[in-house]
Structures are given as C-alpha cells and as structure tokens.
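Per-entry structural report
If you want the building blocks of each chain, they are given just below.
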Amino acid sequence: MRFEIVTLFPEILAAAEVGLLKKAIERDHVQLIAKNPRDHTTDRHRSVDDAPYGGGSGMVMMPGPLVSSLEALDADRAGPSHKVLLTPQGTPFTQAIAERLVTQPALTLVCGRYEGFDERVRPHVDEELSLGDFVLLGGEIAALTIIEATARLLPGVLGNADSAIEESHSSGLLEYPQYTRPKVFRDEEVPAILLSGHHAAIAKWRREQALVRTKTRRPDLLERASLTNEDKRFLRELAEANRTHEEPES
Ligand code: JDN
C-alpha cells in the first residue's frame, strides 16, 4: 500500500521508518512518499500561508500549494488515491476507520500547520479525520498515527501470531492483564492460575479479567461489545458482588 503525506516537514517520515514499518518498507509491502507544498509555491517568498480575510489572529494555509501538491501526486501514480485532511474538525479516527482505509491501494494524508486550511481545500479531499478532542501544532503526528494503525493491518506487516491478537481486539473488549518472568517481582506474584497449566481455566480467567477491566475503565465499550450469555452472567454477578460490598448502611 502506498501512503503519501503532504507536509511542510517531510523529514517527519523518518519517525515512521522504524521497527516493523521499516521492515514492511524494505520488503515493499508499504511505500511512504512525502510531498512538500513549499515546492508548489508561486511567489518569490515561497509562501504557504497568509493572513485570514476578515481579520483575526494567526495564519491560514493557502489553497494553491496544497491543491498543486495533490495534483502532482495524482500525476505521479497509476491509479487514484483516497485523500484525507487532518483537522480537529474531522471524524474521530477509530480502528473501524483503519480497517476501511486499508482496503485502498493508496492513501494521501494532507497535513496543515498554523490556524487551519483555506476552506477551498476541502472539496479536493474525500474526508476529514481527527485523532480526538485535542489540538496539535499540525497534522503530521496525526498522519503518522493513521499510517501506523492502517499499515499494521496489511498482510505481511505483522507476523501471523499477531494477526490473532487483532481478532481478540475486535471482540470490543480491553485486553486482559499479561505477565512474563520473573514469577515474583518486588513482592508481587504472577496469578497462580497462569502457572496451573489448565488452559480452559486460564482462558476463562482472562475473559473475566477483560470484562472487569472494560467495565471499570471503558463502560462505553461494553455497551457495544459482542458478549456471550456467560459474559453477561459474569457481569451480573460482578455487579451484584459490588452492590453487596459498596451499599451504604441504611
Ligand atoms: O490537531 B490537528 O489535527 C491539527 C491540524 C492542523 C492544525 C493544527 C492541529 N493546523 C492545521 C492543520
């Protein structure tokens, strides 16, 4: 899959080219291509931003260098690309969106700096995405996040063992607690069940831990998770146990 990033800071790509993504690039499962809108300016000062019409603080990304960058990328590639603008006004990025993006042969991520984009850039992209309800200095880190979340879903980027982990996340629960050596670390022991060799009992404990953790930390996820009747019974019993412990004296 081809990932293109339109950015005033193309050197940011080096931050992505580590670990398994670097391996995927070396094996040609992934291509990362930067396009600098500074190289598509038309004035003596190579301007990419200007003051907002109507007044106000800060600067706005000019549409010309960004749209010319998109046109240059289109001219350099055989087929089309799905184009995404990174903005705090975009749809919040999720795992489901990564699963949709990975079906595209090419993805173009348009990053801004300053206070935002001239509105006339928007008709030149397919969608707008946001990482969440916070504001960055620019879209670059958001773009790298989306590249990493999407690329790891490509066949051959993760090992087969790790693909199974993907399935367990898609059950919609948080992961169960994990332990490795040593058996005792600063007086804290590994739960005995994990050393028991009873694989069915370990699987049941892990499922219950995932349910407890999700209920405690992310009750919003539990609403949408695919739960078995056994899961639901466990959660009813957990709620009942908590009521028994927490009920104030009356
Ligand atoms: O948080 B962001 O995605 C973000 C995007 C832009 C920005 C500031 C923050 N300026 C231009 C795009």
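See the structure above.
A brief report on the enclosed structure follows. Worth saying up front: this structure is predicted, and the values here are computed from it rather than measured. (Residues numbered from 1 in each chain as written. Predicted model: local features only at pLDDT ≥ 70, side-chain atom pairs only at ≥ 80, totals over all residues. Heavy atoms only, no water.)

A few words on the site of the ligand. Among the 13 residues in the neighbourhood of the ligand, the closest are listed as L86, G112, R113, Y114 and L136. The separation between a nitrogen atom of the ligand and a polar main-chain atom of R113 is 3.3 Å. Interatomic distance of 2.9 Å between a backbone N/O atom of Y114 and a nitrogen atom of the ligand. For the ligand, the protein covers 94% of the area, taking 310 Å² as the surface of the free molecule. Residues that form the shell around the ligand fall into these classes: 7 nonpolar, 5 polar and 1 charged. (Near = heavy atom within 4 Å. Polar contact = N/O pair within 3.5 Å; in protein donor to acceptor, adjacent residues only side chain to side chain. Areas by Shrake-Rupley, 256 points an atom, 1.4 Å probe, with all protein chains shown as cover. Nonpolar A, V, L, I, M, F, W, Y, C, P; charged D, E, K, R; others polar.)

Formed by 29 residues in total, the largest nonpolar core has its most connected members in V30 and L86. Every element with two or more residues in this core is listed here: β1 (2-6), α1 (13-16), α2 (19-26), β5 (82-92), α4 (95-101), β6 (106-110) and α5 (140-151). The element that contributes the greatest number of residues to this core is α5, accounting for 7 residues. Beyond its immediate chain neighbours, meaning those up to four positions away, L86 contacts L109, V110, C111, F117, L129, G139, A142, A143 and I146. (Core = buried A, V, L, I, M, F, W, Y, C linked by side-chain atoms within 4.5 Å. Buried < 20%, exposed > 50% of the residue type's maximum accessible area, 1.4 Å probe, protein only. Helix = DSSP H or I, 4+ residues; strand = E, 2+ residues; numbered from the N terminus. Contact = heavy atoms within 4.5 Å.)

So, about the side chain of T108. On the secondary structure map, T108 appears in strand β6. The class for T108 is buried, based on a relative accessible area of 0%. Within the structure, the side chain of T108 is placed 2.6 Å from the side chain of E4, a separation counted as a polar contact.

Looking now at the pattern of salt bridges. Summed over the entire model, instances satisfying the criterion amount to 14 salt bridges. The salt bridge partner of R77 is E4, with a shortest N-O separation of 2.9 Å. Of the two residues, R77 is situated in the loop between α3 (63-76) and β5 and E4 in strand β1; the sequence distance between them amounts to 73 residues. Just as R77 is buried, E4 falls in that class too. Here R218 and D220 are joined by a salt bridge, their closest N and O atoms 2.9 Å apart. Here D220 falls in the partly exposed class, since its relative accessible area comes to 35%. Beyond isolated ion pairs, a larger network of salt bridges with shared partners links R2, E4, D74, R77 and K83. (Salt bridge = Lys/Arg side-chain N within 4 Å of Asp/Glu carboxyl O.)

Here the focus is a nonpolar patch on the surface. Together, F134, L136 and I141 make up an exposed nonpolar region whose accessible area comes to about 270 Å². By secondary structure assignment, the location of I141 is in helix α5. Its relative accessible area of 47% is what places I141 among the partly exposed residues. (Patch = residues over 30% accessible without salt bridge, like charges linked within 9 Å, V, L, I, M, F, W, Y side chains within 5 Å.)

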